[in-house]
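# Fold and contact review
Take a look at the letters that make up each chain.
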Amino acid sequence: MEREEFQITNRRSRSSVHMRELVAQVVLSHRQFIQPLFIDETLDKRTPIASLNEINSDTLESALAQIESDLKSGITKFLIFPVPKNKSLSNFNYDFAITAIHTIKEKFGNEVWLAADVCLCSYTSHGHCGILNSQGTKVLNHESVTELANYALQLAQAGADCIAPSDMMDGRIAAIRNALDQHQLDSVSIMSYSSKFSSQFYGPFRDACRSTPQATKLSDRKTYQLSPGNGNDALQCAIRDAKEGADLLMVKPAAHYLDIISKLKSATNQPVAAYHVSGEYQGIELLAQANLVDRAKAQTEVWTALKRAGADIIISYAARHAKKWIEELEY
Ligand code: PBG
């Protein structure tokens, strides 16, 4: 007998769909998916976002209909991005966001879990995530954190189940946690965009929120969002945010940052969310439109990779398809 026949072969574990199912280390569930929703004050009807396939900007009313239909698809968790009509340098008006959260919770109660994105980039006329100094050259940390904590408190008082700060200022998690606790909102969670990189892949999102940085003296977010080449900074920020009171940590973008997800998972005991961002989502959608990939199979392949790297929670624009696509997934 040839010696080769006695050698263990890994191909046995792949030999049939039954074996492949049995040995899979990653099993996806739609229960751990979060669906982002854009709710735009300027709209009078639901409007498709040209740069994000199948995704709309909603009015508050159409958002209610969208949530109703998403619940039927098995999605109960949402990340809300309110887009206000007016932009300014300070004295922001949060009424629309507050009404949106309040109205959704009033209608759906605990059937839904609402995380509210907390950032100033849709509110500022310059598109930066915080308040600028008078010369327009710098995002002021302390002033921004104070404002973000004030906004977060109002969203929590309106009924948000979770506050999701995406601004990347230092110390905002502690400030928000304190504000919530001082107002008996200790049951409201915080999902920190703890490891958020300065990325090209947010392009379609910024279209949807009209939040591309406009300031001429500060044209990008590199002084507050993480540098793609600095993984240590991403881990330090996540560990710091956990200490300050973040319940859930996040890595964003996700698919190009699997090393960060994996390291973060081993460095902390916190749940980790992976945000497959607008540009990552749309990349797959464009490949699918060109018939170069199967849409559902490609999106689920990425989700599998995120889970394999260590993500507990997946935020995806295609979350509302998760239940169906996962059921149909061929191992
Ligand atoms: C706001 C914010 C951004 C995203 C989520 N919250 C954009 C940015 O930082 O410019 C990006 C999400 C996506 O691309 O899907 N700070």
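The model shown is predicted, which means the values in this text are computed figures rather than measured ones. (Residues numbered from 1 in each chain as written. Predicted model: local features only at pLDDT ≥ 70, side-chain atom pairs only at ≥ 80, totals over all residues. Heavy atoms only, no water.)

## Quick notes on the overall build of the protein chain
Selection criterion: By the criteria applied, helices consist of DSSP H or I runs no shorter than four residues and strands consist of E runs no shorter than two, each listed in order from the N terminus. For the radius of gyration, the atom set is restricted to C-alpha positions; the globular benchmark scales as 2.2 Å times the number of residues to the power 0.38. Each residue's exposure class comes from its accessible area (1.4 Å probe, protein chains only) as a fraction of the maximum for that residue type: buried when under 20%, exposed when over 50%, partly exposed otherwise. Throughout, a contact is declared for two residues whenever any of their heavy atoms are within 4.5 Å. With residues, only the protein chains shown are counted as cover, and all accessible areas are computed by Shrake-Rupley using a 1.4 Å probe.
A count of helices and strands for the protein chain gives eleven helices and twelve strands. A compact globule built from 331 residues should have a C-alpha radius of gyration of about 20 Å, and the protein chain, at 21 Å, falls within 12% of that. Principal-axis analysis of the C-alpha atoms places the extent of the protein chain at approximately 80 × 40 × 40 Å. By the burial criterion, 53% of the 331 residues in the protein chain qualify as buried. If you take every contact in the protein chain between residues at least 6 apart in sequence, the share linking residues at least 24 apart comes to 74%. As presented, the protein chain carries roughly 15,600 Å² of accessible surface, and 48% of it is formed by carbon and sulfur atoms.

## Focus on unusual backbone geometry
Leave glycine aside and you will find that most residues have negative phi; peptide bonds, for their part, are mostly trans. Look at the link from Lys252 to Pro253: it is a cis peptide, with omega at -10 degrees. Relative to the helices and strands, Pro253 is located in the loop between strand E10 (248-252) and helix H8 (258-267). Phi at Gln184 is positive, roughly 55 degrees, even though this residue is not glycine. Among the structural elements, Gln184 can be located in the loop between helix H5 (172-182) and strand E9 (189-196). Judged by relative accessible area, which is 63%, Gln184 ranks as exposed. Even without being glycine, Asn291 reaches a positive phi, approximately 60 degrees. Inspection of the secondary structure assignment puts Asn291 in the loop between helix H9 (278-289) and helix H10 (295-309). Overall, the relative accessible area of 70% leaves Asn291 in the exposed class.

## What to know about the site of the ligand
Selection rule: Any residue with a heavy atom positioned within 4 Å of a molecule or strand is treated as near that molecule or strand. Counting of polar contacts relies on pairs of N or O atoms within 3.5 Å, with two restrictions inside protein: one atom must be capable of donating a hydrogen and the other of accepting it, and residues adjacent in sequence are counted only when both atoms are side-chain atoms. Under the scheme applied, nonpolar residues are Ala, Val, Leu, Ile, Met, Phe, Trp, Tyr, Cys and Pro; charged residues are Asp, Glu, Lys and Arg; polar residues are all the others, including Gly.
Neighbouring the ligand are 19 residues, the closest being Lys196, Arg206, Lys252, Ser278 and Tyr317. At 3.0 Å, a side-chain N or O of Arg221 approaches an oxygen atom of the ligand. The contact in question runs from an oxygen atom of the ligand to an N or O atom on the side chain of Gln225, over 2.9 Å. Against a free-state accessible area of 400 Å², the protein chains account for coverage of 100% of the ligand. Within the residue set of the shell around the ligand, elements represented by two or more residues are E9 and helix H6 (203-209). Here the shell around the ligand is composed, by residue class, of eleven nonpolar, three polar and five charged.

## Considerations on the nonpolar core
Defined as follows: We define a nonpolar core as any set of buried Ala, Val, Leu, Ile, Met, Phe, Trp, Tyr and Cys residues linked to one another through side-chain atoms lying within 4.5 Å.
Grouped together as the largest cluster of nonpolar side chains are 111 residues, with contacts concentrated most on Phe38, Leu79, Ile104, Ile163, Leu180, Met191 and Tyr275. The element contributing the most residues to this core is helix H4 (residues 141-157), with eight residues.

## Examining the packing of H9 against H10
Going by this rule: Lines fitted to C-alpha atoms define the axes, with helix axes restricted to the stretch in contact, and inter-axis angles between N-to-C directions lie between 0 and 180 degrees. Throughout, the term roughly parallel applies to angles under 35 degrees, roughly antiparallel to angles over 145, roughly perpendicular to angles from 65 to 115, and oblique to all others. Should the near helix be turned counterclockwise from the far one by less than a right angle, the crossing is left-handed, whereas a clockwise turn marks it as right-handed.
At a minimum axis distance of 9 Å, the contact between H9 and H10 shows a crossing angle of 150 degrees. For the element pair H9 / H10, the angle class is roughly antiparallel. For the pair H9 and H10, the sense of crossing is right-handed. In this structure, H9 contributes Tyr281, Ile284, Glu285 and Ala288 to the contact, and H10 contributes Arg295, Ala298, Gln299 and Val302. When the residues that make up the contact of H9 with H10 are grouped by side-chain class, the tally is five nonpolar, one polar and two charged.

## A look at the pattern of salt bridges
Threshold: Salt bridge, as used here: a side-chain nitrogen of Lys or Arg that lies within 4 Å of a carboxyl oxygen of Asp or Glu.
Overall, the coordinates contain 15 salt bridges when judged by the stated rule. A salt bridge links Arg172 to Asp167, with the shortest nitrogen-to-oxygen separation between them at 3.2 Å. Given the relative accessible area of 0%, Arg172 is considered buried. For Asp167, a relative accessible area of 0% gives the class buried. Ionic contacts of the salt-bridge type, sharing partners, join the residues Asp167, Asp170, Arg172, Arg240, Asp241 and Glu244 into one network.

## Describing helix H3 (residues 95-108)
Every α-helical turn comprises 3.6 residues, leaving residues that sit three or four positions apart pointing alike. Put simply, the rule reads: Between the first and last residue of a helix there are one fewer steps than residues, each counted as 1.5 Å, and that sum is the expected span.
Its 14 residues give H3 an end-to-end C-alpha distance of 20 Å, which sits within 8% of 20 Å, the value for a rise of 1.5 Å per residue. Buried within H3 we find Phe96, Ala97, Ile98, Ala100, Ile101, Ile104, Lys105 and Phe108. Elements that come into contact with the buried residues of H3 comprise strand E1 (33-40), helix H2 (60-72), strand E4 (77-83), strand E5 (113-118) and H4. Gly109 sits one or two residues past H3 and shows a positive phi near 50 degrees.

## Focus on a nonpolar patch on the surface
Selection rule: Patch membership is restricted to residues that have no salt bridge and whose relative accessible area is over 30%. Joining uses 9 Å for like charges and 5 Å for the nonpolar side chains Val, Leu, Ile, Met, Phe, Trp and Tyr.
On the surface, a nonpolar cluster with roughly 280 Å² of combined accessible area is contributed by Met19, Leu22 and Val23. Along the chain, Met19 turns up in helix H1 (residues 17-23). With relative accessibility at 30%, the residue Met19 sits in the partly exposed group.

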